[in-house]
Amino acid sequence: MRKVIGIGETVLDIIFRNEQPISAIPGGSTFNAIISLGRSGIETGFISETGNDRVGRNIIQFLRDNGCKAECVNVYPGSKSPLSLAFLNEQNDAEYVFYKDHPHDRLDFNYPDIKKDDIVLFGSYYALNDVIRPQVKGFLDYAHERGAILYYDVNFRASHQHEVMKITPNLLENFELADIVRGSAEDFEVLFKKRDAQTIYRSQIAFYTKKFIYTQGADAIHLFAENGLHKEYPVAKVETVSTIGAGDNFNAGFLYGLIKNQISRDDMERGLSEEQWDAVIGCAQQFSAEACRTLNNYVSPEFGTQRQQELEEALAQEEI
């Protein structure tokens, strides 16, 4: 089976409501998506680093417990795992405070085996950080050369707004490397002071890649692709407990949809049909909505078991 390799940060997410902590769980944008994919029957691996402490050991064990290969998660002597504090408001949206000593970031790993049509998920500040950029860029080049599909989630937080000018060359390089770019309204407000989806696509994205997904919380999703395709997808109302994992699980569902629907790198290069886009974005919305119904950052094991059964049936049908 095709596999998904994620590269990104690991954190301990401490979630607050009314200024009181109510949950503490392993997190990180790419990490959350990889956990959901592992629970849904997708073969997964994760490239990252974590602290040489109890939190770091728990994070690595959590990956393994959810079917993810963790051999490429490095632990450095004397290091501490980063923390993310998420303060939920009345709408269950989160405001974040991060605790991480970025100047001490390091990344040293052996490349996992990548085969044609595997998928690499990357994004957030981790994909822009100059300190580890040579290692990240080297791996992305390797994955591209091996025939993988590269999916880039911009996920640029306001806490790094003061670095926009510095990281812009890396950002544009990521756009160029990616087969698909997803970003939120908040990302592009921070990066470019723009919120209109068409303007962002024309002025910032289309030169580098034609496939762009623009999300804006509870408002409609915009899809842009080859041949002038621009389609909006309404977002169904969901009774939310937390929106922390909404975007991460949109990514997970999208990648699950690519594999379930047997969409290859060659298909991506030729251009997907509207029906194929509908199918994969439908999966993305399903995963995202599920994640909003819980304080966890990922889909539930029960939801994952159902998706695993659907995946096995779809792949078996394809073989007949």
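Quick caveat: nothing in here was measured; it's all calculated off a predicted structure.

Student: Looking at this structure, I do not really get the overall build of the protein chain. What am I missing?
Tutor: What the protein chain contains, in helices and strands, is ten helices and 13 strands. The globule rule puts the C-alpha radius of gyration for 320 residues at 20 Å, and the 18 Å found for the protein chain is close to it. Here the C-alpha coordinates of the protein chain stretch approximately 50 × 45 × 40 Å along the principal axes. A buried classification covers 56% of the 320 residues belonging to the protein chain.

Student: Would you mind showing me how to read the layout of surface pockets here?
Tutor: If you add up the space inside the largest pocket, you get close to 1,300 Å³. Lining the largest pocket are 42 residues, with Asp93, Gly217, Thr243, Ala246 and Gly247 positioned closest to its centre. Elements supplying a minimum of two residues to the lining of the largest pocket: β7 (94–99), β10 (180–184), α5 (185–192), β11 (212–216), β12 (219–224), α7 (246–260) and α9 (274–292). Here the second largest pocket defines a volume of roughly 430 Å³. Glu9, Val11, Phe98, Arg157 and His160 are, among the 23 residues lining the second largest pocket, the residues nearest its centre. Considered class by class, the residues forming the lining of the second largest pocket number nine nonpolar, nine polar and five charged.

Student: What is the right way to look at helix α6 (residues 197–205) in this model?
Tutor: One turn of the α-helix equals 3.6 residues, which is why residues spaced by three or four share an orientation. When α6 is considered as a whole, its buried residues turn out to be Ala197, Ile200, Tyr201, Gln204 and Ile205. Viewed end-on, α6 has its buried residues packed into an arc of 110°, placing them on one side of the element. Elements that come into contact with the buried residues of α6 comprise α4 (164–177), β10, α5, β11 and β12.

Student: Please explain the pattern of salt bridges as it appears in this structure.
Tutor: Two side chains of opposite charge can pair, provided their charged atoms sit close to one another. Within this structure, the stated rule accounts for 18 salt bridges. Residue lysine 116 is joined to aspartate 266 by a salt bridge in which the shortest nitrogen-to-oxygen separation is 3.3 Å. Within this pair, whereas lysine 116 is found in the loop between β7 and β8 (119–123), its partner aspartate 266 is found in helix α8 (residues 265–270), the two being separated by 150 residues in sequence. Classification of lysine 116 as partly exposed rests on a relative accessible area of 45%. Aspartate 278 serves as the salt-bridge partner of lysine 231, at 2.8 Å between the closest nitrogen and oxygen.

What counts and how
- Residues numbered from 1 in each chain as written.
- Predicted model: local features only at pLDDT ≥ 70, side-chain atom pairs only at ≥ 80, totals over all residues.
- Heavy atoms only, no water.
- Helix = DSSP H or I, 4+ residues; strand = E, 2+ residues; numbered from the N terminus.
- Rg over C-alpha atoms; globule rule 2.2 N^0.38 Å.
- Buried < 20%, exposed > 50% of the residue type's maximum accessible area, 1.4 Å probe, protein only.
- 1 Å grid on protein atoms, 1.4 Å probe; cavity = no way out; pocket = protein on both sides within 12 Å on 5 of 7 lines; lining within 4 Å.
- Points joined across faces, edges and corners; volume = space filled by probe spheres on them.
- Nonpolar A, V, L, I, M, F, W, Y, C, P; charged D, E, K, R; others polar.
- Arc of directions from axis to C-beta.
- Contact = heavy atoms within 4.5 Å.
- Salt bridge = Lys/Arg side-chain N within 4 Å of Asp/Glu carboxyl O.

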